[in-house]
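Spelled out, the chains give:
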Amino acid sequence: MKKKIILTGIRPTGNLHYGHLFGACQNWLKLQDEYVFYLEIADVQALTDNFHSPNKVHSNVFELTSDLLSIGIDPKKVHIFVQSQIPEIAELTVFYSNLVTMARLYRNPTVKTEIAQKKALFGNDGESVTYGFVGYPVSQAADITAFKGELVPVGEDQLPLIEQCREIVRKFNSIYGEVLKEPEPYLSKTPRIKGLDGNEKMGKSLGNAIFLVDDEETISKKVMRAVTDTQKIKKDDPANPEVCMVYYYHKLVNQENVDVVCEECKKGARGCVQCKKELIEKMNEFMKEIREKKQYYREHPEEVLRILENGTKEARSVAISTMRDVKKAMQIDYFERGE
Ligand code: TRP
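Residues numbered from 1 in each chain as written. Predicted model: local features only at pLDDT ≥ 70, side-chain atom pairs only at ≥ 80, totals over all residues. Heavy atoms only, no water.

## Things to note about the overall build of the protein
So, point 1. Of regular secondary structure, the protein possesses 14 helices and five strands.
So, point 2. With the C-alpha coordinates aligned to their principal axes, the bounding extent of the protein is approximately 85 × 45 × 40 Å.
So, point 3. The burial tally for the protein puts 49% of its 339 residues in the buried class.
So, point 4. Restricting the contact set of the protein to residue pairs at least 6 apart, pairs at least 24 apart contribute 77%.
So, point 5. Between the averaged position of the 48 positive side-chain charges in the protein and that of its 50 negative side-chain charges there is a distance of 2 Å. (Helix = DSSP H or I, 4+ residues; strand = E, 2+ residues; numbered from the N terminus. Buried < 20%, exposed > 50% of the residue type's maximum accessible area, 1.4 Å probe, protein only. Contact = heavy atoms within 4.5 Å. Lys, Arg positive; Asp, Glu negative; His and termini not counted. Charge placed at Lys NZ, Arg CZ, Asp CG, Glu CD.)

Written as structure tokens, this is what we have:
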């Protein structure tokens, strides 16, 4: 059977953290064996929020790519590519922009939430909201359809963007003919990963992220500050592991002992300090191989560059072929017609 095409993207705005890894990337590791997989380093999309910091986006393209390689994304199986280096995506974005109304973009729940956040942050009435930002769902529709993506693995927050993409595809096909593929979201089974501070979400901007590049000392500091059962006062008080973030993280990196941790905690047979120290040890064990690989790519930046270059070349050939079909359907293939 022909393998289905998967496409997903990630913004190069910082290093990978546990939220990415357990929420999304571990899922990708499984998918890379079963699908034709395009993984976009979405630098153009990162620029919508960071257009004033080209330096940051530039260096994060390499940081993020080497993080992805370090966790086991295999460039022989996955086409890892850089969005800005595929001009066909930008071209498609322009054509799609006629198929979307401003009202529809402003109604997109993801865009709406992000605009509200910007207003709260900058304290104005939205003066700083750019055309590029409001339009990024259109650009994301181009990301997906340029590669004929059929399944898009994303978190729940991205569902409105996939829906918007599907609408654009239907509109395009109804006007110009059946050229584009309507993608389906592929929701990760893992819910969002909580922070060690007890926050429902881990994020760089929330200040509670555990990064894959964190060294042992940093990990130790972060875990020692983690939120535990506040009802537990003394070391041998029985406690409730379900409200404890240390237990939550044992479940992620210490699966083989998690039942023991749980039972001992409930009985009061395990102090929080000991429990945290064990977690730190397990995290370091878990990150050992990732750290070694990361170190390797730090020492071999040219290899990361080559992987991106190859992946981009492979991906671009597909985008070029999609573009040919699109232009033909839109009757803007003037020089291909032999007239
Ligand atoms: N918007 C996504 C995010 O912020 C990243 C992204 C860019 C993406 N292009 C994509 C996701 C295409 C899926 C498909 O996480």
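## A look at the site of the ligand
So, point 1. Near the ligand there are 13 residues, and of these Glu40, Gln45, Gln140, Asp143 and Gln158 occur at the shortest range.
So, point 2. Glu40 is positioned such that a nitrogen or oxygen atom in its side chain is 3.3 Å from a nitrogen atom of the ligand.
So, point 3. Between the ligand and the protein, one listed contact pairs a nitrogen atom with a side-chain N or O atom of Gln45 at 2.7 Å.
So, point 4. Protein contact buries 87% of the 360 Å² of open area that the ligand shows by itself.
So, point 5. Elements with a contribution of two residues or more to the shell around the ligand: strand E1 (5-10), helix H8 (136-145) and strand E4 (151-154).
So, point 6. Class assignment for the residues of the shell around the ligand results in five nonpolar, five polar and three charged. (Near = heavy atom within 4 Å. Polar contact = N/O pair within 3.5 Å; in protein donor to acceptor, adjacent residues only side chain to side chain. Areas by Shrake-Rupley, 256 points an atom, 1.4 Å probe, with all protein chains shown as cover. Nonpolar A, V, L, I, M, F, W, Y, C, P; charged D, E, K, R; others polar.)

## So, the domain arrangement of the protein
So, point 1. Splitting the protein by domain gives domain 1 (5-194 + 301-337) and domain 2 (216-295).
So, point 2. When each unit is reduced to the centre of its C-alpha atoms, the spacing between domain 1 and domain 2 is 36 Å.
So, point 3. Counting residues at the interface gives 15 residues for domain 1 and 11 residues for domain 2.
So, point 4. Linking domain 1 to domain 2 there are two salt bridges.
So, point 5. Taking the shortest distance from any N to any O, the salt bridge between Glu63 and Lys294 comes out at 3.0 Å.
So, point 6. On inspection of domain 1 and its partner domain 2, the count reaches six residue pairs in polar contact (both at pLDDT 80 or more).
So, point 7. Listing elements by their share of the side of domain 1 that touches domain 2, those giving two or more residues are helix H1 (18-34) and helix H3 (54-70).
So, point 8. In terms of residue class, the side of domain 1 that touches domain 2 is made up of six nonpolar, five polar and four charged. (Domains from an automatic or database assignment. Salt bridge = Lys/Arg side-chain N within 4 Å of Asp/Glu carboxyl O.)

## Details of the layout of surface pockets
So, point 1. Considered as a void within the structure, the second largest pocket measures approximately 500 Å³ in volume.
So, point 2. Lining the second largest pocket are 24 residues, with Thr93, Tyr131, Gly132, Gly135 and Ser139 positioned closest to its centre.
So, point 3. Secondary-structure elements contributing two or more residues to the lining of the second largest pocket are helix H2 (43-50), helix H4 (87-96), helix H5 (102-107), helix H7 (131-134) and H8.
So, point 4. At five residues, H4 tops the list of elements feeding residues into the lining of the second largest pocket.
So, point 5. The class makeup of the residues in the lining of the second largest pocket is 14 nonpolar, 10 polar and no charged. (1 Å grid on protein atoms, 1.4 Å probe; cavity = no way out; pocket = protein on both sides within 12 Å on 5 of 7 lines; lining within 4 Å. Points joined across faces, edges and corners; volume = space filled by probe spheres on them.)

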